[in-house]
Amino acid sequence: MMRFTLPRDLYYGKDALEQLKNLKGKKAVLVLGGGSMKKFGFVDKVLGYLKEAGIETKLIENVEPDPSVETVMKGAAIMREFEPDWIISMGGGSPIDAAKAMWVFYEYPDTTFEAILEPFSFPELRQKAKFLAIPSTSGTATEVTAFSVITDYSTGIKYPLADFNITPDVAIVDPQLAETMPPKLIAHTGMDALTHAIEAYVSTMNGPFTDPLALKAIHMVFDYLPASYDGDKDAREQMHYAQCLAGQAFSNALLGIVHSMAHKTGAAFSTGHIPHGCANAIYLPYVIKFNSKNAESRYADIARSVGISGTDSECVKALCDKIDEYNVKLNIPKTLKEFGILEDEFKEKAAKIAELAVSDACTGSNPRPITPAEMEKLLTCTYYGTEVDF
């Protein structure tokens, strides 16, 4: 038996934020990131709408990029003191992911972070609060997914938390919030959305309800991402919807080893954090070549759906070339070496990273099984830019 779960309500379009006026409740916490939502006036709008709804609101601010376990625990403590019946988070993937994890420890203060690392092992939520998510970036789609990514900085490891319990109750997808994104963030989040959709389509958990969502998202990213990157506001609106469609697909079909690799390399190197979407964009063509031994026809389906023709193998190659072309347009490096990771450090850490990536929650639904030795070999290809021929 399979399962397909989405938020109960999704409000979208310009000024969708106004729906907050109709929210029913007494108290809400508003979880935010670094300040851009305040700068552009969206926090004041939200607070104003919640005041109209008669809801008392407390802010939890300054959630860092790639939120930490410590941030999650501090936020949960604030929630336990304030006792909200709504948890609202607005911003990029980081504050929404953090708020999802805070939700667990608000309702179950005696549980531990280690206790929820096993996918789909969460306690039953909604005992104290419901969850509403408002994305300001066009990539993670965490506003519609059963996932949250939290980083343990003592080990440098990102942990993808997975449970349908943390799928938000309500999502508000207002494209006006995404108009403020700088070009580099548009590039990274857009390629993150493309990766979500492609991995969902080839996942071992794909199905008739996720395939149409994944393919539509892929078409929209290829159609609108370059113009969005160049500043076209209509294209940015369409990208905001595309990433949400991709999220609906992968939340139910799950992901693959592009994400396993990105999770385990993002915070692993001393020479610099690799933004999640950037890592996905680098790894995606290499992983397609690796996976094509098991999923060639699925990748060929994707290629043909965006106008590529030829044999299955020709279509897969052309799809990888198309992704490479987009990475060039978006100023995304082709290799980890080009990104700036030092060779000695990469060699020193590759085997351990490979081991961790294989054990990542996303690996289980990858269309081709992979061993730690194969993963290390694949990572090495992504470092030097060598051909994946195994």
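Reading the values: the criteria
- Residues numbered from 1 in each chain as written.
- Predicted model: local features only at pLDDT ≥ 70, side-chain atom pairs only at ≥ 80, totals over all residues.
- Heavy atoms only, no water.
- Buried < 20%, exposed > 50% of the residue type's maximum accessible area, 1.4 Å probe, protein only.
- Helix = DSSP H or I, 4+ residues; strand = E, 2+ residues; numbered from the N terminus.
- Contact = heavy atoms within 4.5 Å.
- Phe/Tyr/Trp six-rings, centres within 6.5 Å; stacked < 30°, edge-to-face > 60°.
- Lys NZ or Arg CZ within 6 Å of the ring centre and 35° of its normal.
- Pairing = 2+ DSSP bridges.
- Patch = residues over 30% accessible without salt bridge, like charges linked within 9 Å, V, L, I, M, F, W, Y side chains within 5 Å.
- Areas by Shrake-Rupley, 256 points an atom, 1.4 Å probe, with all protein chains shown as cover.
- Salt bridge = Lys/Arg side-chain N within 4 Å of Asp/Glu carboxyl O.
- Core = buried A, V, L, I, M, F, W, Y, C linked by side-chain atoms within 4.5 Å.

Trainee: So what's going on with helix α8 (residues 257-265)? Which residues, and what values?
Mentor: Of all 9 residues in α8, 9 are buried; the element is thus mostly enclosed. The elements touched by buried residues of α8 are β6 (147-152), β7 (157-162), α5 (183-202), α9 (276-305), α12 (343-358) and α13 (372-384).

Trainee: Give a description of the packing of aromatic side chains that names residues and reports values.
Mentor: One pass over the full model with this rule turns up 11 aromatic pairs. Relative to Phe164, the ring of Phe120 has its centre 5.3 Å away and its plane inclined at 40°; by these criteria the two rings are tilted. One end of the pair, Phe120, is in the loop between α4 (93-107) and β5 (130-135); the other, Phe164, is in the loop between β7 and β8 (170-173), and 44 residues separate them in sequence. On the basis of relative accessible area, Phe120 is assigned to the partly exposed category, the value being 37%. Owing to a relative accessible area of 14%, Phe164 belongs among the buried residues under this scheme. Here a set of aromatic residues connected by ring pairs shows up, and it is made of Phe269, Phe346, Tyr383 and Tyr384. Above the face of the Phe82 ring, Lys27 is positioned so that its terminal group lies 4.7 Å from the ring centre.

Trainee: Please set out the environment of Pro160 residue by residue, giving values where relevant.
Mentor: Counting through the fold element by element, Pro160 comes out in strand β7. In the structure, Pro160 is positioned 86 residues away from Ala246 in sequence and 17 Å away in space, judged by C-alpha atoms.

Trainee: Got a sec to walk through the pairing of β7? Specific residues and values, please.
Mentor: The buried count for β7 comes to 5 of 6 residues, which makes it a mostly enclosed element. Bridging between β6 and β7 involves 6 bridges; their strand directions are antiparallel. When the sheet's bridge partners are listed, Ile150 is paired in β7 with Tyr159. Between β6 and β7, which pair antiparallel one after the other, the connecting turn spans 4 residues, and Gly156 there sits at a positive phi close to 75°.

Trainee: Which residues make up a nonpolar patch on the surface, and what are the values?
Mentor: On the surface, Phe4, Leu6 and Phe209 cluster together into a nonpolar patch covering about 290 Å² of accessible area. Here Phe4 lies in the segment before β1 (9-12).

Trainee: Residue-level account of the nonpolar core, with values.
Mentor: By size, the foremost hydrophobic cluster in this structure holds 86 residues, and its most contacted members are Met191, Leu194, Tyr283, Tyr299, Ile302, Ile323 and Leu378. If we ignore the near neighbours within four places in the chain, the residues touching Leu378 are Ile257, Met261, Tyr286, Val287, Phe290, Ile370, Val388 and Phe390. Counting residues in hydrophobic clusters, the runner-up holds 29 residues, among them Val63, Ile96, Tyr106 and Leu125.

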